[in-house]
Amino acid sequence: MKRVRFRDTAGNVRGGRWTVEDGEPVVTAAAGPYGRIAFGDETYAPDEVDILPPCEPTKIVCIGRNYADHADEMGNDLPDRPMLFLKAPNAVASHGSHLTLPSGKERIDFEAELGVVIGEQCKNVSESGAMDVVAGYTCLNDISNRDDQEIEQNWVRGKAFDNACPIGPLVATPEHVPEDATIESRVNGEVKQSSSRDHLIFSVEELIAEITEYMTLEPGDVIATGTPEGVGPLEDGDEVEIEIEGIGTLKHSVKIP
């Protein structure tokens, strides 16, 4: 199932199902959104409604250096255990948004990531039971302010500013997303990152077990599983697409004053 949150034509916030024909993508760069969004007896074309973030996290738990090629391109060693940092709800932005990012920075990067959406309150989850607490997967852009990230330890300025975490357009249940699902980012139509989730150093199950040893996860919380190589700077007016096989494409643009 593919679940979506949206604001309907009357202004009501709804949660519905995003249905597409077999083999048809949810969103493509060229053709835009396919299928229908259903809520009760009502159905909508995706471009008839405002797509909202597919969940309302109390926190986004992010993983650093979870692809070896990305650690290498950043000149960093591989971690012995998952590197954890947080983004707060203020960072969440939706599919289709025009995001205002911090001004006066030398480099603000895009980072395509698979997002894991938690389905139930959980603590001390074992690897074997990890998938029982997963509601599904979504696309995520871990937008990063490198200027401040490089000079602070907690990365609040570098990672947790407003609009630093676009997610969406929907949550796809795990059976839709292959173990080797492709992950791609495009900026103004040009492919920048191209990899797959089977290159993760720490698996989704390992991440959930590690995180819940230290903190309780709530329904709607998101784990950002890390980004592959190819990250790069954004410029004012750029159009960004994060596409993950089995989910669809998260699209947004940026404004840098």
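Note that the structure is a prediction, hence the values are computed from the model and not measured. (Residues numbered from 1 in each chain as written. Predicted model: local features only at pLDDT ≥ 70, side-chain atom pairs only at ≥ 80, totals over all residues. Heavy atoms only, no water.)

### Details of the overall build of the protein
Next, step 1: Tallying secondary structure elements over the protein gives 4 helices and 22 strands in all.
Next, step 2: The C-alpha radius of gyration computed for the protein amounts to 17 Å, which stays within 12% of the reference 18 Å derived for 257 residues, consistent with globular compactness.
Next, step 3: Counting every position in the protein, which comprises 257 residues, the buried fraction comes to 53%.
Next, step 4: Excluding contacts between residues fewer than 6 apart, the proportion of contacts in the protein whose partners are at least 24 apart in sequence is 71%.
Next, step 5: Accessible area for the protein stands at about 11,400 Å²; split by element, carbon and sulfur atoms hold 43% of it.
Next, step 6: Distance between charge centres in the protein, computed from 22 positive and 48 negative side chains, equals 5 Å. (Helix = DSSP H or I, 4+ residues; strand = E, 2+ residues; numbered from the N terminus. Rg over C-alpha atoms; globule rule 2.2 N^0.38 Å. Buried < 20%, exposed > 50% of the residue type's maximum accessible area, 1.4 Å probe, protein only. Contact = heavy atoms within 4.5 Å. Areas by Shrake-Rupley, 256 points an atom, 1.4 Å probe, with all protein chains shown as cover. Lys, Arg positive; Asp, Glu negative; His and termini not counted. Charge placed at Lys NZ, Arg CZ, Asp CG, Glu CD.)

### Overview of the side chain of Ser185
Next, step 1: Along the polypeptide, Ser185 turns up in strand S17 (residues 182–187).
Next, step 2: Here Gln193 takes part through its side chain, which lies 2.9 Å from a polar atom of the side chain of Ser185.
Next, step 3: What Ser185 contacts, discounting residues up to four positions off in sequence, is Phe110, Ala112, Glu190, Val191, Lys192, Gln193, Glu241 and Ile242. (Polar contact = N/O pair within 3.5 Å; in protein donor to acceptor, adjacent residues only side chain to side chain.)

### Focus: the sheet that holds strand S12 (residues 108–110)
Next, step 1: Taken together, the 3 strands give an open sheet; going across it, the order is S15-S12-S20, and neighbouring strands pair in antiparallel fashion. Two strands close off the open sheet at either side, each with one partner strand: strand S15 (144–145) and strand S20 (232–233).
Next, step 2: The sheet contact formed by S12 and S15 spans 2 bridges and is antiparallel. In the sheet register, Asp109 faces S15, and the bridge partner there is Ser144. (Pairing = 2+ DSSP bridges.)

### Side note on the sheet that holds S17
Next, step 1: With mixed pairing, 5 strands are arranged side by side in an open sheet as S11-S22-S21-S17-S18. On the outer flanks of this sheet lie strand S11 (98–100) and strand S18 (190–196), each paired with one strand and no other. Pairwise comparison of adjacent strand axes, ignoring direction, gives a mean angle of 20 degrees for this sheet.
Next, step 2: The pairing of S17 with S18 spans 6 bridges and is classified as antiparallel. Across the sheet, Val187 pairs through a bridge with Glu190, a residue of S18. (Axes fitted to C-alpha atoms, helices over the stretch in contact; angles between N-to-C directions.)

### Here's the deal with the domain arrangement of the protein
Next, step 1: Parsing the protein into structural domains produces domain 1 (2–50) and domain 2 (52–255).
Next, step 2: Using only C-alpha atoms to locate each centre, domain 1 and domain 2 end up separated by 23 Å.
Next, step 3: Of the residues lining the interface, 13 residues belong to domain 1; the matching set on domain 2 comes to 18 residues.
Next, step 4: For the domain 1 and domain 2 pair, buried surface summed over both sides reaches about 1,200 Å², with 57% attributable to carbon and sulfur atoms.
Next, step 5: Here Glu56 makes a salt bridge to Arg5, at a shortest N to O gap of 3.7 Å.
Next, step 6: Inspection of the region where domain 1 meets domain 2 yields 5 residue pairs in polar contact (both at pLDDT 80 or more).
Next, step 7: If you list the elements that add at least two residues to the side of domain 1 that touches domain 2, you get strand S1 (2–7), strand S2 (13–19) and strand S3 (27–28).
Next, step 8: For the side of domain 1 that touches domain 2, the leading source of residues is S1, giving 6 residues.
Next, step 9: Of the residues contributing to the side of domain 1 that touches domain 2, the split by class is 7 nonpolar, 1 polar and 5 charged. (Domains from an automatic or database assignment. Buried area = accessible area lost by both parts, 1.4 Å probe. Salt bridge = Lys/Arg side-chain N within 4 Å of Asp/Glu carboxyl O. Nonpolar A, V, L, I, M, F, W, Y, C, P; charged D, E, K, R; others polar.)

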